[in-house]
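Per-entry structural report
This is what each chain is made of:
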Amino acid sequence: MISGEEIEKLSALARIHITDTEKKKLAEDLEGILAYVSTLSQVETDTEAVETTPVRNVFREDVGEHEPGAYTDDLLSSAPRAKGGYVIVKKILGA
Amino acid sequence: MAENLTKLSIIEACEGIKNRQFSSIELTSAYLDAIRSTDGDLGAYLEVFDDALEQAGRADSAVRNSSRIDLEHKFGRVGGVPLAMKDNILIAGRRASAGSKILEGYVASYDATATKRLRDRHAVFIGRTNMDEFAMGSSTENSAYGVTRNPHDRARVSGGSSGGSAAAVAAGMAAGALGSETGGSVRQPAAFCGVVGLKPTYGAVSRSGLIALASSLDQIGPVARSVRDVQTLFETIRGNDPLDGTTVAARAYESVPVADFNKRLGVPEAFVSEGIDSDVRANFEASKRLLEKEGYEIVPVEVPHLQYALAVYYILMPAEASTNLARFDGVKYGLHVSGKTLLEDYMRTRAEGFGKESRRRILLGTYVLSAGYYDAYYNKANAVRARITADLNAVFDSGISAIITPTTPTTAFKIGEKASNPLAMYLSDTLTVGANLAGIPALSVPSGSNEDGLPYGLQIMAPRLREDILFEIGDDFERVRDREQ
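**Concerning helix 1 (residues 4-14) of chain A**
Turning to helix 1 of chain A, its buried residues number three or more, namely A:Glu6, A:Ile7, A:Leu10, A:Ser11 and A:Ala14. Down the axis of helix 1 of chain A, the buried set is contained in an arc of 140 degrees. They therefore lie on one face. Exposed positions of helix 1 of chain A whose direction lies more than 90 degrees from the buried face are A:Glu5 and A:Leu13. Packed against the buried residues of helix 1 of chain A are helix 2 (20-37) of chain A together with helix 13 (342-353) and helix 14 (356-369) of chain B. Phi turns positive, to about 55 degrees, at A:Arg15, one or two residues after helix 1 of chain A.

Written out as structure tokens, the structure reads:
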């Protein structure tokens, strides 16, 4: 059973506001899906963690820097609110 | 003449342009006309690029200024040919919305590597195609911009999430297209629309510039009207990329014994015996007979954990999606909804910007990754994923060159039919997700249609890096299928 509180907790973690009307349907949907995927508990598996892909820790040399600011205008042109080379956001500290 | 131009394959069209039999402008114009007369009631394209003819003109200019020999290298087999691009593949200077309102108006600041490789060969990008939002869906009904209708029956879906790409190619509105795969999103719409679709080996094609859904599963995949055309697109876009650390090494394909394989195919009989419509099953049996006529031996094989593939997928994919979609916060790009605080900005932007299915999957992913559930769900799914991979590889190691199944359990369903039941929709992926989980390549080839003209698809799966096996079998199948028609 997925409770309203559980949905609220997920909503906070996922940073998505969920209305009261949506909560019930979402809880039902998630319950249905979780019931289906829980069939995995039947499968015998080893307890050790498994690597997902064949490659691991692919690095490159720390060279080839571009000029500072080379892409700033281009990238900031997408930002909903920007000014003077900065993205504008609401207060973070003491919020 | 113009109508005939849009019937040419990619290979034929490029050849014609290189041989100066017709121009890229003529070919592109023919496709633009087709879009004008056909896409009104299909909705495959979100945007037809206003510079398509300019791009074609530049290709024609390259033809005029190059020797025929130089053109082979400059154009490969795609130069001058109009291609459609799924809305989640970045083209510098062009909008990309991943079918979502949260990215409405976003203009890409760089090319996806796959885009760049096509651009380097003078391919023409004719437009961007509709898709389920952030590639989450199997019908293109989850697009924030409307559904794409199936060219064979406008009351039915074109499949998803690359529905726009598949429909565009099937309806003669592009010579080929790029889509993307996470759980079947190229193969399933290809099957529903009666065209060929490939999911490459994981790491064969760079994911740089592909708007991410699930990073351990995503791959860009080509769609076209023939196996050789799909092969052409694949060979143009694949390759090692320093911008994507998961791409296979540059030499990986060089050591592949191309087209050297035995003609033994495996069918996971237990797996395909249930949950598949009887007419799809009958069509699959007919496909097996056709392959046998071409000298293939078909044997039953066991893939014991394949029955859990869908459950594994619907834990891992939402988990990875919840992480990848965290970047959409109304700060760096896209939709911004203002609340009283920064946190409210996030909460409201994401509530308004994401559609229902996206929100559902993000919450599901958040759940399976949260403390107390992580081990039971996410870790468990990863462990079973390793089993599925091992099962499939064991089949290939036992002397089977490829595994075949129907691509989808049903033909294209009606628009709205599965919209209210998420789980029913997820079940459309049951035959395709295994290949994504194991990172192996898989191809869907049209295998006929029912009495209402709805297409069926045959799926072929091969070991990692063995797309060559898919193309050979697929090519053989096309030939015998057309001969026996």
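**Examining helix 3 (residues 24-38) of chain B**
Here helix 3 of chain B is 15 residues long and its end C-alpha atoms lie 21 Å apart, about the 21 Å a rise of 1.5 Å per residue gives. Among all positions in helix 3 of chain B, only B:Ser24, B:Leu27, B:Thr28, B:Ala30, B:Tyr31, B:Leu32, B:Ala34, B:Ile35 and B:Thr38 are buried.

**A closer look at the nonpolar core**
Residues and elements named next belong to chain B. In this structure, Leu 118 and Phe 134 are the most contacted members of the largest nonpolar core, which totals 165 residues. Among the elements that take part in this core, helix 12 (residues 309-324) stands out by supplying 11 residues, more than any other. Setting aside anything within four residues of it in sequence, one finds Phe 134 in contact with Ala 98, Ser 100, Ile 102, Leu 103, Ile 211, Leu 213, Leu 325, Phe 328, Phe 354 and Ser 358. The next biggest cluster of nonpolar side chains, apart from the first, holds five residues, and it includes Phe 192, Ala 412, Phe 413 and Met 425.

**Points about the interface of chain A and chain B**
Taken together, the contacts link 47 residues of chain A with 58 residues of chain B. Seen at the junction of chain A and chain B, the total is four salt bridges. Among the salt bridges present, the one from A:Glu22 reaches B:Arg359, with a minimum N-O distance of 2.8 Å. Sorting elements by how many residues they give to the side of chain A that touches chain B places helix 2 of chain A first, with 10 residues. For the side of chain A that touches chain B, a count of residues per class yields 25 nonpolar, 11 polar and 11 charged.

**Some thoughts on the confidence of the model for chain B**
On average, residues of chain B carry a pLDDT of 96, and 99% of them reach 70 or more. Across the interfaces of the predicted complex, the ipTM metric reaches 0.94, alongside a pTM of 0.97.

The rules behind the values
- Residues numbered from 1 in each chain as written.
- Chains lettered and ligands numbered in written order.
- Predicted model: local features only at pLDDT ≥ 70, side-chain atom pairs only at ≥ 80, totals over all residues.
- Heavy atoms only, no water.
- Buried < 20%, exposed > 50% of the residue type's maximum accessible area, 1.4 Å probe, protein only.
- Helix = DSSP H or I, 4+ residues; strand = E, 2+ residues; numbered from the N terminus.
- Arc of directions from axis to C-beta.
- Contact = heavy atoms within 4.5 Å.
- Expected span 1.5 Å × (residues − 1).
- Core = buried A, V, L, I, M, F, W, Y, C linked by side-chain atoms within 4.5 Å.
- Salt bridge = Lys/Arg side-chain N within 4 Å of Asp/Glu carboxyl O.
- Nonpolar A, V, L, I, M, F, W, Y, C, P; charged D, E, K, R; others polar.
- pLDDT = per-residue confidence, 0-100.

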